[in-house]
Amino acid sequence: MKRHPLLIPLSQDHHHSLAMCARILRDPAADHRADFAKQKDDLFAHFAEEEALFAPWWDKLAQPEMQRRFENEHALLRQMLAAPEFDNPDWMKSFAETLRDHARFEERELFQAFQEILGEEREAT
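Residues numbered from 1 in each chain as written. Predicted model: local features only at pLDDT ≥ 70, side-chain atom pairs only at ≥ 80, totals over all residues. Heavy atoms only, no water.

Colleague: Teacher, can you tell me more about the pattern of salt bridges here?
Modeller: Proximity of charged atoms lets side chains of opposite charge pair with each other. Enumeration over the complete set of coordinates arrives at eight salt bridges. When the shortest N-O distance is used, the salt bridge between Arg3 and Glu107 registers 2.9 Å. Of this pair, Arg3 sits in the segment before helix 1 (8-26) while Glu107 sits in helix 5 (residues 89-124), and the two are 104 residues apart along the sequence. Grouping residues by exposure puts Arg3 and Glu107 together as buried. Salt-bridge contacts for Asp87 lead to Arg33; the nearest nitrogen and oxygen are separated by 3.4 Å. Linking Asp87 in the loop between helix 4 (64-82) and helix 5 with Arg33 in helix 2 (residues 33-54), this pair joins segments that are 54 residues apart in sequence. Of the residues examined, Asp87 reaches a relative accessible area of 68% and is grouped as exposed. Among the charged side chains, a salt-bridge network with shared partners connects Asp31, Arg33 and Asp87. (Salt bridge = Lys/Arg side-chain N within 4 Å of Asp/Glu carboxyl O. Helix = DSSP H or I, 4+ residues; strand = E, 2+ residues; numbered from the N terminus. Buried < 20%, exposed > 50% of the residue type's maximum accessible area, 1.4 Å probe, protein only.)

Structure follows, in structure tokens:
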């Protein structure tokens, strides 16, 4: 199914995040400061953009468990981004797995659910 136009830039952001996660997971002990420097502000902006976009639609989606997961993972990732442990390979691995799993959740589950609502809204206008 083709992505709704509002979701395409977010999916493109996920591609960049997943590439960073793959680099970290290949070698969690390597120095990934440069990746963080490039992506940190973009990730914070991405989270804020998603939250603003989806806020009016949560009631219509009517999947509170999905909303809780979305919000909890954004909060966790913000905490991790605010206090990175670059010299801790276990932390680096955990961060990359958390971000990877979150992006996959959004792409495979959340965006699919919102896609239907956004499509209905477009047809109603």
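Having seen it, we continue.
Colleague: Where do I start with helix 1 in this structure?
Modeller: Along an α-helix, residues three or four apart share an orientation, since each turn contains 3.6 residues. Compared with an ideal rise of 1.5 Å per residue, which puts 19 residues at 27 Å, helix 1 spans 27 Å between its outermost C-alpha atoms and is within 8% of the ideal. Residues of helix 1 that are buried include every one of Leu10, Ser11, His14, Ser17, Met20, Cys21 and Ile24, and no others. (Expected span 1.5 Å × (residues − 1).)

Colleague: Looking at this structure, how should I read the packing of aromatic side chains?
Modeller: Geometry of an aromatic ring pair is reported as the spacing of the ring centres plus the angle between the planes. For the coordinates displayed, the defined rule picks out ten aromatic pairs. Ring plane angle 85 degrees and centroid distance 4.9 Å describe the contact between Phe36 and Phe86, whose orientation is recorded as edge-to-face. Taken together, the positions of Phe36 in helix 2 and Phe86 in the loop between helix 4 and helix 5 put the pair 50 residues apart, joining distant regions of the chain. The two residues Phe36 and Phe86 agree in class, both being buried. Measuring from centroid to centroid gives 6.2 Å for Phe54 and Trp58, while their planes differ by 75 degrees, and the two rings are edge-to-face. In this structure, Phe54 and Trp58 share a single accessibility class: buried. Put simply, the rings of Phe54, Trp58, Phe70, Phe111 and Phe114 pair up and form one aromatic cluster. (Phe/Tyr/Trp six-rings, centres within 6.5 Å; stacked < 30°, edge-to-face > 60°.)

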